[in-house]
Amino acid sequence: MTDETGSEAGRDFIRDIVADDLASGTTTGVVTRFPPEPNGYLHLGHAKSICLNFGIAEEFGGRCHLRFDDTNPTKEEQEYIDAIQRDVRWLGFDWGTHLHFASDYFEQLYAWAQDLIRAGKAYVDDQSQEEIRVSRGTLTEPGRNSPYRDRSVAENLDLFARMRAGEFPNGARVLRAKIDMSSGNINLRDPVLYRILHAHHPRTGTAWSIYPSYDFAHGQSDAIEHITHSICTLEFEDHRPLYDWCLDNLPVPSRPRQYEFARLNVTHTLLSKRVLTELVRSGHVSGWDDPRMPTLAGLQRRGVPAAALREFVKRIGVAKANSTVDIGMFDFAVRETLNKSALRRMAVLRPLKVVIENYPEGQTEEVEAVNHPDDAAQGSRRITFGRELYIERDDFMEDPPKKFFRLAPGREVRLRYGYFITCREVIKDANGEVVELRCTYDPQTRGGNAPDGRKVKATIHWVSAAEAVPAEVRLYNLLFSDPAPEAANFAAQINPESLEVLQGCMVERALAADNAHDAVQFERQGYFVRDRDSTPGKPVFNRTVGLKDTWAKVAGGAA
RNA sequence: UGGGGCGUCGCCAAGUGGUAAGGCAGUGGAUUUUGAUUCCACCAUGCGGAGGUUCGAAUCCUCCCGCCCCAGCCA
């Protein structure tokens, strides 16, 4: 029951505020919005904001709008507008009919700017960008009033209209709010409301030659849409007085309130649009959806289920303290989600040939393997066993250390769902490298149990030569091995081993037939998903995340 | 040195005057035809520091320290 209520979703200070506002009657409904600027792809950080905004709307019976903050045509593109919508939908959220654009409000915003001018609260400034910068003062010194600050309303109105008409070149003039050049809050030192930009806008084309600044567009857009809680990140805290100033000085249809939370940071990851864009542009990754990217598109291609992303966001919480979440938290959420749903399959990544000497040549048989050990409803499939098969190279050691209990000369192990086999002979090539194992099997152990009750210390996975399908497997590792990579020189910090491509992997038949987009578990190894680069004869798999590997820790420590 | 925030376990994070939730990681152990999963146990005499108020403080007061953001005609 609690699962259905907002209480289960986890409480945080923003949800507390919303609940209080509802309880006190401050608001009768909840309307939030996710306001991306279409200048890049959505990433992990956005997932937090999306889940917060859409999640709150869902939990409190309100609605959440998807609104593009498209006020800077020099950086925005239609490709991003499309990609962002795809990604939000993929994450599992629906904005219904509320797809909006700040650009939808340009006409209204322009009219409000005129209102401000008439009220003597805004003026056209002819100073150059440099002059404005200098006269703004510094963190510790107040700014100076612009010489154009006291122009007449008529002149301001005329100049502003001519700015819109395209009479002046970029940078020639700006419209500024008349607030307080000596404010301790620099955002209040006569902030720019409109700038001249002769640029093609993805939505409005060349209709406008002036564009509103974020500060003049955001709050009013919220008001137009009757947003009740405008949730943004901490760096906008300083803008709240300006957000309020605009709404308090304009005849807006509603009065939204802004609340700020700490943006997400994750170890071994860089979440700045500048870096991500550069990663793509420079070719360090294959594209916005490269599985190593922290973009939603990249995570999706890597096989991360949207549910895992939502679970991750729920786990990290929402607060105001700057923090950096361990990437291990994310991996955990992915494993947790996939463990419950992923079908189990067998795949040998680095094959070592095994010949069962006492198994009749030319004979094969089918054995039953369950698709999910904890969910019988997932059914089972048959896999082929035969005289020749492949096992993982890592599952054999000629001279094993004490704790290693997989296959070794003279040792017996279980082939999952198959038989017990014992290694009789090790065959090496001219270089001394092990190329084949000669083993014997115990016909009495079919299915994996010995009638005499004897135990075996390990169960290993395998694929018979009879049904093996060669595949390519891409193993992805951290894009940055440093837990705290610096955005400034990200290129130099890219992990050279972030991608390892394996050819000649041997996977069971079921994997070749499967066209599913859901990740599967390669038993004992990890979760993998079929990549779109797959071809009919050759499947390609991306590793989503490896299984927790206690042995690696033991082995690593012993070595 | 101006303004705005934030400091609770290695990493997230509850707590809002009544004697430190939970999760991740880690460590032991049980179960196991995945060295996975699952299960059990352990893991802050302490809440940035120092004073103070109080029967009692992470929570209130004072001072101090540290970290983050702001000087785009970016968002």
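Residues numbered from 1 in each chain as written. Chains lettered and ligands numbered in written order. Predicted model: local features only at pLDDT ≥ 70, side-chain atom pairs only at ≥ 80, totals over all residues. Heavy atoms only, no water.

Describing unusual backbone geometry
Next up, step 1: In the Ramachandran plot, His226 falls in the positive-phi region, its phi being about 60° despite a non-glycine side chain.
Next up, step 2: The topology assignment puts His226 in the loop between α7 (214-224) and β8 (229-233).
Next up, step 3: Exposure remark for His226: the relative accessible area of 39% places this residue in the partly exposed category.
Next up, step 4: Located in the positive-phi region is Tyr417, a residue other than glycine, with phi close to 65°. (Helix = DSSP H or I, 4+ residues; strand = E, 2+ residues; numbered from the N terminus. Buried < 20%, exposed > 50% of the residue type's maximum accessible area, 1.4 Å probe, protein only.)

Some remarks on the side chain of Arg149
Next up, step 1: If you trace the backbone, Arg149 turns up in the loop between α5 (129-135) and α6 (153-164).
Next up, step 2: The class for Arg149 is buried, based on a relative accessible area of 11%.
Next up, step 3: A polar side-chain atom of Arg149 sits 2.7 Å from a polar atom in the side chain of Asp190.
Next up, step 4: What Arg149 contacts, discounting residues up to four positions off in sequence, is Tyr123, Lys178, Ile179, Asp180, Met181 and Asp190. (Polar contact = N/O pair within 3.5 Å; in protein donor to acceptor, adjacent residues only side chain to side chain. Contact = heavy atoms within 4.5 Å.)

As for the side chain of Thr295
Next up, step 1: Relative to the elements of secondary structure, Thr295 occurs in the loop between α9 (273-281) and α10 (296-301).
Next up, step 2: In this view, Thr295 contacts Tyr41, Leu42, His43, Leu276, Trp288 and Asp289; residues no more than four positions away in its chain are not counted.

Details of the domain arrangement of chain A
Next up, step 1: Assigned domains within chain A: domain 1 (2-263), domain 2 (273-342 + 471-505 + 520-554) and domain 3 (347-460).
Next up, step 2: Between the C-alpha centres of domain 1 and domain 3 the distance comes to 63 Å. (Domains from an automatic or database assignment.)

Details of helix α1 (residues 13-24)
At 3.6 residues per turn, the α-helix brings residues three or four places apart onto the same side.
Next up, step 1: Taking 1.5 Å per residue as the helical rise, α1 with its 12 residues ought to reach 16 Å, and the 16 Å between its terminal C-alpha atoms agrees with that figure.
Next up, step 2: Within α1, the full set of buried residues consists of Ile14, Arg15, Val18 and Asp21. In a view along the axis of α1, the buried residues occupy a sector of 125°, so they form one face of it. Exposed and facing more than 90 degrees away from the buried side of α1 are Ala23 and Ser24.
Next up, step 3: In this structure, the buried residues of α1 make contact with α2 (44-59), β8 and β9 (257-261). (Expected span 1.5 Å × (residues − 1). Arc of directions from axis to C-beta.)

Quick look at the sheet that holds strand β5 (residues 174-177)
Next up, step 1: Strand order in the open sheet formed by 4 strands is β4-β5-β6-β7, and the pairing between neighbours is antiparallel. For this open sheet the edge positions go to β4 (122-125) and β7 (210-212), each flanked by a neighbour on one side alone. When the angles between neighbouring strand axes are averaged without regard to direction, this sheet yields 20°.
Next up, step 2: Sheet strands in contact with helix α4 (residues 106-118) are β4, β5, β6 (192-196) and β7, and its direction is about 120° off that of β6.
Next up, step 3: On top of the sheet, α6 reaches β4, β5, β6 and β7; it is set at about 60° to β4, its chief contact. (Pairing = 2+ DSSP bridges. Axes fitted to C-alpha atoms, helices over the stretch in contact; angles between N-to-C directions.)

Points about the protein's contact with RNA strand B
Next up, step 1: In the neighbourhood of RNA strand B, 65 residues make up the surrounding shell, with Arg315, Arg344, Phe405, Arg406 and Gly447 lying closest.
Next up, step 2: For RNA strand B, the fraction of protein-proximal atoms (within 4 Å) that sit in sugar or phosphate groups is 62%.
Next up, step 3: Measuring from a sugar or linking oxygen of RNA strand B, one finds a side-chain N or O atom of Glu237 at 3.4 Å.
Next up, step 4: The side chain of Asp238 places a nitrogen or oxygen atom 2.7 Å from a base nitrogen of RNA strand B.
Next up, step 5: Of all elements in the fold, only α5, β6, α11 (306-316), α12 (327-341) and α14 (550-558) reach the threshold of two or more residues within the surface near RNA strand B.
Next up, step 6: Counting residues per element, the surface near RNA strand B draws most heavily on α12, which supplies 4 residues.
Next up, step 7: Taken together, the residues that form the surface near RNA strand B break down as 20 nonpolar, 24 polar and 21 charged. (Near = heavy atom within 4 Å. Nonpolar A, V, L, I, M, F, W, Y, C, P; charged D, E, K, R; others polar.)

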